[in-house]
2 protein chains.
Amino acid sequence: MPKQTSHDREDDEDDENTFRILIATDCHLGYMEKDSERSDDSLNTFEEILQHARHQQADMILLGGDLFHENKPSRKSLHGCMALLRQYCMGDRPVQFEYLSDPSVNFSTNPFPVVNYADPNMNVEIPVFSIHGNHDDPAGLGNLCALDVLSVAGLVNYFGKSPSLEDVKISPVLLKKGRTKLALYGLGSIRDERLHRMFLQGKISMLRPKESSDAWFNMFVIHQNRAKHGEHNYIPEQFLDEFIDLVFWGHEHECLVDPVWNATQNFFISQPGSSIATSLSPGESKQKHIALLQVRGKEMKCNKIPLETVRQFYIEDVCLLDTELDPDDVHVEKKVEEFCAAKIDDLIAKAAGARSGSPKQPSLPLIRLRVDYSGGFSTFNVNRFGQRFVKKVANTRDLILFHKKREARTGQAE
Amino acid sequence: MPKQTSHDREDDEDDENTFRILIATDCHLGYMEKDSERSDDSLNTFEEILQHARHQQADMILLGGDLFHENKPSRKSLHGCMALLRQYCMGDRPVQFEYLSDPSVNFSTNPFPVVNYADPNMNVEIPVFSIHGNHDDPAGLGNLCALDVLSVAGLVNYFGKSPSLEDVKISPVLLKKGRTKLALYGLGSIRDERLHRMFLQGKISMLRPKESSDAWFNMFVIHQNRAKHGEHNYIPEQFLDEFIDLVFWGHEHECLVDPVWNATQNFFISQPGSSIATSLSPGESKQKHIALLQVRGKEMKCNKIPLETVRQFYIEDVCLLDTELDPDDVHVEKKVEEFCAAKIDDLIAKAAGARSGSPKQPSLPLIRLRVDYSGGFSTFNVNRFGQRFVKKVANTRDLILFHKKREARTGQAE
Ligand SMILES: [Mn+2]
Ligand SMILES: [Mn+2]
Ligand SMILES: [Mn+2]
Ligand SMILES: [Mn+2]
């Protein structure tokens, strides 16, 4: 039975008992950084997220993995991320919640096993907590990931890194604000097939606090396939423990941040989705959001916040057979090209009319036209075609995707 | 005329006017990190350096470049370095000197143009100042280097990064402790030929403080070839300004830390040398040191400190013609091999008798035998030969270097 929104506006003043958690995920810092037009997109929106956290007076920021697009981020991405975290997350405002669990368990692989705001040498105002994703997972000498670097700098509290992949016991980060107790479970990305098998073999266990375990609001942050890609290539929601109140699902890039009730499992799932489109698929074309999650006692409220700096992205499907175009027309190739150009012009106009109003939103949109050319039509050179849209769109090279026979196309999580 | 050691022991109590500067350079973090035996050497000695800084109650640490061996250090090196800096350089003891110059000039390329101990969000106890070397110079997107990453984390004050390579104006970091005024000039590594030409063209200028310029102790940190490698492939000492009191010369790996007076230029030069041997050359085989440099008024004292965790390294030259060995002996090959093995055993024994006593000094030494085999001798398979010394030396694969005709061999700076 839904427990959401059960504290209403009058109660909102009860600040001292309410966690204000800014949730965001899949920022993919560094994505397209070598593209002159799109180079700054990911950091640009990451900055917006941090600004929202400040503006919303968030107690903490919770990230769901894939903070970086590359396993070994460029210095520019790493440096840019660190600069923003230092700028927005450090400061004098005291952190309003207590950290109750054992940091040497929660942060066992960190040389400084301490929650960053408890380090007397760091002045942290908004602690960031994050698990790793599949893009920024631990690898190489020392089995470290980019979050380990941020963590040793005191800029992020990296949790959910399992010391073993044989038998995973997830110990929650236990936090308390006034009377509200929050148990934060995290599991960094593991290959889906493997994690699927581990769940089936009972090798994943969630440790619960010994005392008054019913009093905790239990949140679980994971970064896995939620959509079924093959028999074992995802994590079914029913694998997750029923004592959980809210699952924060990372990795899936479509924004489904409004919590969805799973009536079988008796928990909510919020999937914030990525803060940047890393593929030109329909899921990525929807408005991107983050959310301010408020937790008081066992109740929660999730207010979504539209991201205003995200580059606009419009996608449309056309099937040439459904148009006036005749494959046997001697001028058909030219006509198809003009038809597509007109469609793209429409999408550009649509984007122009729907700008967020933020001066930091990039001006050129991403456009994708998926053209079903079955029925005797032929394709044209999409690169040459794209040159017509230089300085009108951000992705001149892949505006058009030709395919045949109304083939099914679904977005893949990233 | 030498100004060194002119303050003697009785004066040593004059702490409030004396800068205590720990100088070290060329730590080459990450060197041989993939070698199972030598993997930790560079970080191990870097830790010793930081421990000396604490133990000596240094006001600051000054590094001369090549902190990292690779331009893109592995996560393990970067993470390890950051962990050590956080461990040893942060803390509550107040920094005893003032920062007087304009940080937006000294740290112009940093998004946080501030000396790290002045940042109210960081509790820095021993500020580290560093220029970059040729191994860790700025490159790639954003023209950043590894020191930029440390700098944005607030762990290092990266100076001497010139925004232009056309016309370099070096603005000093101006520091004051009691009555002592220290002007710290830095110039990160530039390709020697280029810098040589720039000096000749008058494109390098050192800006001096307007007021009471005679009162400053002027120190210049550079990272270039000091030894002449070809006509223009080094920086002659006479290129450097005469108002300088002390040149801190990085890049050259041989330890010549005791200040040497240049009577033409009227300045001292201290060349600390690397803290790890990155080549098996004679210069690298000498005892490695760092130093505690004390500056009071216009006087200085340089106390060298032997590094006790450096892996031992012994090198010897032999010329087979000078031995009893006969190239025409039918068993000569076997005999040469045994001769070399005996020499190496001697060097291993020599190393065993000369250990520093530190439990953190690695047990297996580096050994290099340079064998002149001219006069009809032949070589043998050094890889196979090296197998005899597994677990006796750290470098079984390159114990022996064969060469002919007493060829001159000099070490190259790194
Ligand atoms: Mn992912
Ligand atoms: Mn992702
Ligand atoms: Mn060098
Ligand atoms: Mn070097």
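See above for the structure.
Each residue is numbered by its place in its chain's sequence as written, counting from 1. Key to labels: chains lettered from A, ligands numbered from 1, both in the order written. Owing to the predicted nature of the model, reporting of local features is limited to residues with pLDDT of at least 70; listing and counting of side-chain atom pairs is limited to 80 or more, with chain, interface and lining totals taken over all residues. Computation of side-chain values: all heavy atoms of the structure, hydrogens and water removed.

Draft legend 1. Spotlight on the interface of chain A and chain B. Residues count as neighbours in contact if any of their non-hydrogen atoms are within 4.5 Å of one another. Contacts between the two partners involve 35 residues from chain A and, on the opposite side, 36 residues from chain B. Throughout, buried area stands for the accessible area (probe radius 1.4 Å) lost by two parts on being put together, summed over both. Buried area between chain A and chain B, summed over both chains or domains, comes out near 3000 Å², and the portion from carbon and sulfur atoms is 65%. Residue Asp119(A) pairs with Arg86(B) through a salt bridge whose shortest N-O separation is 2.7 Å. Runs of H or I in DSSP of at least four residues are treated as helices and runs of E of at least two as strands, each being numbered from the N terminus. If you list the elements that add at least two residues to the side of chain A that touches chain B, you get α2 (75–89) and α4 (146–152) of chain A. Asp, Glu, Lys and Arg are counted as charged, while Ala, Val, Leu, Ile, Met, Phe, Trp, Tyr, Cys and Pro are counted as nonpolar; the rest, among them Gly, fall into the polar class. Classifying every residue of the side of chain A that touches chain B gives 17 nonpolar, 8 polar and 10 charged. In the sections that follow, a salt bridge refers to a side-chain nitrogen of Lys or Arg positioned within 4 Å of a carboxyl oxygen of Asp or Glu.

Draft legend 2. View of the pairing of strand β15 (residues 299–306) of chain A. Residues and elements named next belong to chain A. In the sheet, strand β14 (residues 289–296) pairs with β15 via 8 bridges, with the strands oriented antiparallel. Within β15, the position partnered with Leu 292 by the bridge is Asn 303. At least two bridges found by DSSP between two strands are what make those strands a pair. Connecting the antiparallel pair β14 and β15 is a turn made up of 2 residues, with Gly 297 showing a positive phi of about 60 degrees.

Draft legend 3. Expanded view of the sheet that holds strand β4 (residues 128–130) of chain A. Residue and element names in this part refer to chain A. As summarised here, the arrangement of the 6 strands in space is β5-β4-β2-β1-β14-β15, forming an open sheet in which the pairing is mixed. Unpaired on one side and paired on the other, β5 (157–158) and β15 mark the two borders of the sheet. Where β4 and β5 come together, 2 bridges link them in parallel fashion. By the bridge assignment for β5, Phe 129 is matched with Asn 157.

Draft legend 4. Expanded view of the pattern of salt bridges. A complete count under the given rule lists 54 salt bridges over all chains for this structure. A salt bridge links Lys228(B) to Glu231(B); the nearest nitrogen and oxygen atoms lie 3.9 Å apart. A cluster of three or more residues bridged by salt bridges with shared partners is formed by Lys334(A), Glu337(A), Glu338(A), Arg384(A) and Arg388(A).

Draft legend 5. Quick peek at the relation of the copies chain A and chain B. The operation relating chain A to chain B is a screw motion whose rotation component is 180 degrees, with 0.0 Å of axial translation and a residual RMSD of 0.0 Å. Both copies are brought into coincidence by an operation consistent with a two-fold rotation axis. When C-alpha distances to the rotation axis are compared across chain A, the minimum falls at Met122(A), with a value of 2.6 Å. Of the interface residues in chain A, 100% have counterparts in chain B that sit at the interface too, so the contact is made through matching surfaces. To line up the copies, we fit them by least squares on C-alpha atoms, keeping just the residues with pLDDT of at least 70 in both.

Draft legend 6. Quick look at helix α2 (residues 75–89) of chain B. To estimate how far a helix should extend, the number of its residues minus one is multiplied by 1.5 Å. A rise of 1.5 Å per residue sets the reference length of α2(B), with its 15 residues, at 21 Å; its end C-alpha atoms lie 20 Å apart and thus fit the reference within 8%. Remark: exposure states derive from per-residue accessible area (1.4 Å probe, protein chains only) relative to the maximum for the residue type, with buried under 20%, exposed over 50%, and partly exposed in between. When you tally the buried positions in α2(B), you get 14 out of 15 residues, the bulk of the element.

Draft legend 7. Layout of the packing of aromatic side chains. All names here are of chain B. Any pair of Phe, Tyr and Trp rings, taking the six-membered ring for Trp, is counted once the centres come within 6.5 Å. Such a pair is stacked with planes under 30 degrees apart, edge-to-face with planes over 60 apart, and tilted for the rest. Taken as a whole, this structure holds 22 aromatic pairs over all chains when the rule is applied. Ring centres 5.6 Å apart and planes at 45 degrees place the aromatic pair Phe 199 and Phe 239 in the tilted group. With Phe 199 in helix α5 (residues 192–200) and Phe 239 in the loop between β10 (216–223) and β11 (246–250), this pair connects stretches of sequence that are 40 residues apart. With a relative accessible area of 15%, Phe 199 lands in the buried category.

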